[in-house]
Amino acid sequence: MSNENDMVSVTLRVHRFTPRAERERRHGSNPFARKSSPFGDSGARRRPRGKQWTQDYTLTVRPEDTVLDCLLTVKRTLDPTLAFRYSCGHGMCGSDAVAINGTPTLLCTAPVHAWIRNDGFRRTGEEGEPGETAADGGVIELSPLPGFPVQRDLIADIDPMLDQIRKLKPYLEAKGELRTTADGKVNVFEYLQSPAELAKYETLTNCIACGVCEGSCPVFAGGDAFIGPAALIAASRFVNDSRDGRTMDRLDAIDTEDGVAACQSVRACGRQCPRGIDVGEEMWQIIAKVRER
Ligand code: SF4
Ligand code: FES
């Protein structure tokens, strides 16, 4: 159990955003303004307008607390208007991806001690004490997941990513007819796999569609020019599944200008994957499969 001496002071510097109300927008809209974008009506270009500002919240917390713990404390004790999204609290649902100090990651798996930084916290001219560490106090900067339109405060609209994943049919389409047993039930034994076959795609089933890889990718930026690493990971999961009968269709579906051709091999996508997927390597492998077919 922590005692008072273990506690640290942390300032959460939160990039906040409140969208302009629909009615206000209609009332104040310019009648001569262009009604739609000449580039289409994609999620990336439908950025809501509204008020943006930065707000500081200073708390005393335990270094091992997560940034999500800190935000929940802010919400319960300081500012109920602060908006952020979370669900499981344990790195399983992928709903709380944001940028911490500019790096896409999950709020619930980010301990304060790993992200606190003491630059910019002291006033000008103020010296730190000898032996002072980052844990003696500092700032954690929070902003919504890059690459997606912001809905409110730390909540990004990840629908563009989910739409791209859905387009690639992320479900098993088994080879041939379903076999049945003598009593008319589906014969599940027809779908057994060897451990080696399972190993080919098992890691990819860990993807939780959090969007961290997309927020890290400099090409994704809303999904207009590139379907994004999360969609390619979803496609790859089924391409590598020996039970699936649509391998060629799946490879065709990503062999497009905004598919594998748009990947610039920057490999930023895999640096922060919370599920340990080497996204850059998987991208490289699926690109090789598309080229070899
Ligand atoms: S590959 Fe990793 S970072 Fe990308 S969506 Fe899946 S879990 Fe998140
Ligand atoms: S709250 Fe579910 S992954 Fe963080």
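This one's a predicted model, so the numbers in the text were calculated from it and none came from an experiment. (Residues numbered from 1 in each chain as written. Chains lettered and ligands numbered in written order. Predicted model: local features only at pLDDT ≥ 70, side-chain atom pairs only at ≥ 80, totals over all residues. Heavy atoms only, no water.)

**Student:** Explanation requested: the nonpolar core in the structure shown.
**Tutor:** Generally speaking, a soluble globular protein has its nonpolar side chains buried in company with each other. In this structure, Leu12, Ile100, Ile140, Leu142 and Ile254 are the most contacted members of the largest nonpolar core, which totals 64 residues. With seven residues, the single largest contributor to this core is helix α7 (residues 229-239). The two domains that each donate at least three residues to this core are domain 1 (4-156) and domain 2 (159-292). With residues near it in sequence (within four places) discarded, Leu12 still touches Gln55, Asp56, Tyr57, Leu59, Cys70, Leu71, Val74, Ile140 and Leu142. (Core = buried A, V, L, I, M, F, W, Y, C linked by side-chain atoms within 4.5 Å. Buried < 20%, exposed > 50% of the residue type's maximum accessible area, 1.4 Å probe, protein only. Helix = DSSP H or I, 4+ residues; strand = E, 2+ residues; numbered from the N terminus. Domains from an automatic or database assignment. Contact = heavy atoms within 4.5 Å.)

**Student:** For this particular structure, what's the right way to read the layout of surface pockets?
**Tutor:** One way to see where empty space is left: roll a probe the size of a water molecule over the atoms. A volume near 230 Å³ is recorded for the second largest pocket. Around the second largest pocket sit 14 residues that line it, and Phe17, Gln52, Pro144, Phe148 and Val150 are the ones nearest its centre. Counting only elements with at least two residues in the lining of the second largest pocket, the list comes to β1 (8-19) and β2 (50-61). Among the residues forming the lining of the second largest pocket, the class breakdown is eight nonpolar, three polar and three charged. (1 Å grid on protein atoms, 1.4 Å probe; cavity = no way out; pocket = protein on both sides within 12 Å on 5 of 7 lines; lining within 4 Å. Points joined across faces, edges and corners; volume = space filled by probe spheres on them. Nonpolar A, V, L, I, M, F, W, Y, C, P; charged D, E, K, R; others polar.)

**Student:** Hey, could you run me through the pairing of strand β3 (residues 97-100) in this one?
**Tutor:** In summary, the side chains of a regular strand alternate between the two faces of the sheet. Because side chains alternate across β3, one face comprises the buried residues Ala97 and Ala99, and the other comprises Val98 and Ile100, equally buried. Inspection of the sheet shows β3 paired to strand β4 (residues 103-106) by four bridges, in the antiparallel sense. Its bridge partner lying in β4, Ala99 is registered against Pro104. Linking two consecutive strands that pair antiparallel, namely β3 and β4, is a turn of two residues; a positive phi of about 50° is found at Asn101 within it. (Pairing = 2+ DSSP bridges.)

**Student:** In this structure, what is going on with the side chain of Asp244? I would like to understand it.
**Tutor:** With respect to the secondary-structure elements, Asp244 resides in the loop between α7 and α8 (247-254). Taking the relative accessible area as the measure of exposure, Asp244 reaches 2% and is therefore buried. A distance of 2.9 Å separates the side chain of Asp244 from the backbone nitrogen of Arg246, its partner in a polar contact. Side chain to side chain, Asp244 and Arg250 meet in a polar contact 2.9 Å long. (Polar contact = N/O pair within 3.5 Å; in protein donor to acceptor, adjacent residues only side chain to side chain.)

**Student:** Just checking my understanding: could you explain empty space enclosed by the protein for this structure?
**Tutor:** Under the definition given, this model contains three cavities of 30 Å³ or more. Space inside the largest cavity adds up to approximately 150 Å³. In terms of residues, the lining of the largest cavity owes the most to one element, helix α9 (residues 279-292), which gives four residues. In the lining of the largest cavity, the residues fall into 12 nonpolar, three polar and one charged. In this structure, the second largest cavity encloses a volume near 90 Å³. Lining of the second largest cavity is provided by 14 residues; of these, Cys207, Cys210, Cys213, Cys273 and Ile277 occupy positions nearest its centre. Contributing elements (two or more residues each) for the lining of the second largest cavity: α6 (212-216) and α7. Across the lining of the second largest cavity, the residue classes tally to 12 nonpolar, one polar and one charged.

**Student:** Explain the packing of aromatic side chains here, please?
**Tutor:** Geometry of an aromatic ring pair is reported as the spacing of the ring centres plus the angle between the planes. Taken as a whole and judged by the stated rule, the model has two aromatic pairs. Consider the rings of Phe148 and Phe220, whose centres lie 5.3 Å apart with planes at 50°: the pair is tilted. With a gap of 72 residues between them, Phe148 in the loop between β5 (138-144) and β6 (150-152) and Phe220 in the loop between α6 and α7 connect regions that are remote in the sequence. Across from the ring centre of Phe238, 4.1 Å away, lies the NZ or CZ of Arg237, which sits over that ring. (Phe/Tyr/Trp six-rings, centres within 6.5 Å; stacked < 30°, edge-to-face > 60°. Lys NZ or Arg CZ within 6 Å of the ring centre and 35° of its normal.)

**Student:** Can you help me understand the confidence of the model for the protein in this one?
**Tutor:** Low-pLDDT stretches of the model should not have their predicted coordinates read in fine detail. For the protein, the average pLDDT comes to 86, and 82% of its residues sit at 70 or higher. Ignoring residues within four places in sequence, the model shows residues 31-45, a span with pLDDT below 50, making 11 contacts including any to other chains. Counting contacts from residues 120-135, a segment whose pLDDT is below 50, to residues more than four positions away or on other chains yields 14 contacts. (pLDDT = per-residue confidence, 0-100.)

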